[in-house]
Amino acid sequence: MRRALLAITGLAAGTTALVVLKGAPGAGQATPDVPAALAPVVPGGSAAPEPPSPTGSAPGGVTPSPRASSKPTPKPSADRSAASRGGTRTRTTPAAPRITTSAPKVTTRTVTGPSVTYEYGSLQVRITLSGSRIVDATGIGLPLGGQSGQRSDDVQARYSGTSGEVVARQSANLSTVSGATYTSTAYKQSLQAALDKA
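Note that the coordinates shown come from a computational prediction; the quantities given were computed from them, not determined experimentally.

Observations regarding the overall build of the protein chain
Working step 1: A count of helical and extended segments in the protein chain gives four helices and four strands.
Working step 2: Listing every helix and strand of the protein chain by position from the N terminus yields α-β-β-β-β-α-α-α.
Working step 3: For the protein chain, buried positions account for 22% of its 198 residues.
Working step 4: Carbon and sulfur atoms make up 57% of the accessible area of the protein chain, which amounts to about 14500 Å² in all.

Right under this line is the structure:
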């Protein structure tokens with residue numbers, strides 16, 4: 001009975017010593033000698049194998065495998081990319097706006113105002129627009145010959161054409177041609193109606 005109690009006590013002490021030695025950070029370093037009085041007893045009366053020698057060699061000449069150094073492993077920093085954590089991160093950039101090299105097409109159209117009857121007959125004004133800009137104007141149906149024809153020529157010379165007052169002012173706000181008030185007024189009325197239609 002006494003022998004069994006000693007065997008159990010020795011076994012427990014030996015297991016504890018092994019666990020302490022294996023779990024210690026510097027297991028490869030020299031360990032203090034265990035006094036012979038505390039050496040565990042194996043059932044059958046023989047003493048337990050001796051603890052590892054100060055040189056770190058195991059019984060039977062087997063060298064224990066080297067353990068990793070006791071230095072703490074650095075934790076991954078928050079700055080590491082997703083690739084170092086096992087994933088891949090793709091950075092997408094927004095597509096640049098498309099740049100067209102050709103200028104937008106400008107539409108040219110012609111608009112004719114209504115026929116306006118006045119003291120010496122009737123007339124209409126036709127304007128040509130490029131986009132929203134007036135590029136040409138001309139009077140249609142103006143009286144020819146005589147004093148009325150002379151007034152018509154004066155109005156045409158002042159208002160019509162690509163360099164006339166209509167193109168210069170881009171509106172029906174024109175100055176009245178001296179001596180041709182009726183013709184000027186009729187021209188401006190038809191021009192204004194053409195602009196309203198445009």
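Moving on, there is more to tell.
Describing the packing of aromatic side chains
Working step 1: One pass over the structure, following the stated rule, counts three aromatic pairs.
Working step 2: Judged by centre distance (6.3 Å) and plane angle (75 degrees), the ring pair of Y118 and Y120 falls under edge-to-face.
Working step 3: By way of ring pairs, the aromatic residues Y118, Y120 and Y182 are connected into one cluster.

Quick look at the side chain of S148
Working step 1: With respect to the helices and strands, the residue S148 is situated in helix α2 (residues 146–159).
Working step 2: Of the residues examined, S148 reaches a relative accessible area of 18% and is grouped as buried.
Working step 3: Setting aside residues up to four positions removed in sequence, S148 forms contacts with Y120 and P143.

Here we look at the nonpolar core
Working step 1: Of all hydrophobic cores here, the largest spans 22 residues; its most connected members are L123, I127, Y159, V166, Y187 and L191.
Working step 2: Within the residue set of this core, elements represented by two or more residues are β2 (116–118), β3 (121–130), β4 (133–140), α2, α3 (165–169) and α4 (181–197).

So, the pairing of β3
For a regular strand, the rule is simple: side chains alternate between the two faces of the sheet.
Working step 1: In the sheet, strand β1 (residues 108–112) pairs with β3 via five bridges, with the strands oriented antiparallel. When the bridges of β3 are listed, R109 appears paired with L129.
Working step 2: Two strands pair when backbone bridges link them, and β2 and β3 are joined in this way by three bridges, in the antiparallel orientation. Residue pairing in the sheet places V116 in a bridge with L123 of β3.
Working step 3: Where β2 folds back onto β3 in an antiparallel hairpin, the turn is made up of two residues.
Working step 4: Across seven bridges, the pairing between β3 and β4 is antiparallel. If you follow R126 over to β4, its bridge partner there is T138.

Some remarks on the environment of S175
Working step 1: Summarising the element assignment, S175 is placed in the loop between α3 and α4.
Working step 2: On the basis of relative accessibility, which here comes to 27%, the residue S175 falls in the partly exposed class.
Working step 3: It is 9.7 Å that separates the C-alpha atoms of S175 and T185, two residues lying ten residues apart in sequence.
Working step 4: Those residues in contact with S175, other than ones at most four positions away along the chain, are R158, Y159, E165, R169 and K188.
Working step 5: Polar contacts involving the side chain of S175 include one to the side chain of R158, which spans 3.1 Å.

Conventions and cut-offs
- Residues numbered from 1 in each chain as written.
- Predicted model: local features only at pLDDT ≥ 70, side-chain atom pairs only at ≥ 80, totals over all residues.
- Heavy atoms only, no water.
- Helix = DSSP H or I, 4+ residues; strand = E, 2+ residues; numbered from the N terminus.
- Buried < 20%, exposed > 50% of the residue type's maximum accessible area, 1.4 Å probe, protein only.
- Areas by Shrake-Rupley, 256 points an atom, 1.4 Å probe, with all protein chains shown as cover.
- Phe/Tyr/Trp six-rings, centres within 6.5 Å; stacked < 30°, edge-to-face > 60°.
- Contact = heavy atoms within 4.5 Å.
- Core = buried A, V, L, I, M, F, W, Y, C linked by side-chain atoms within 4.5 Å.
- Pairing = 2+ DSSP bridges.
- Polar contact = N/O pair within 3.5 Å; in protein donor to acceptor, adjacent residues only side chain to side chain.

Honestly, it's all geometry; don't read function into it.
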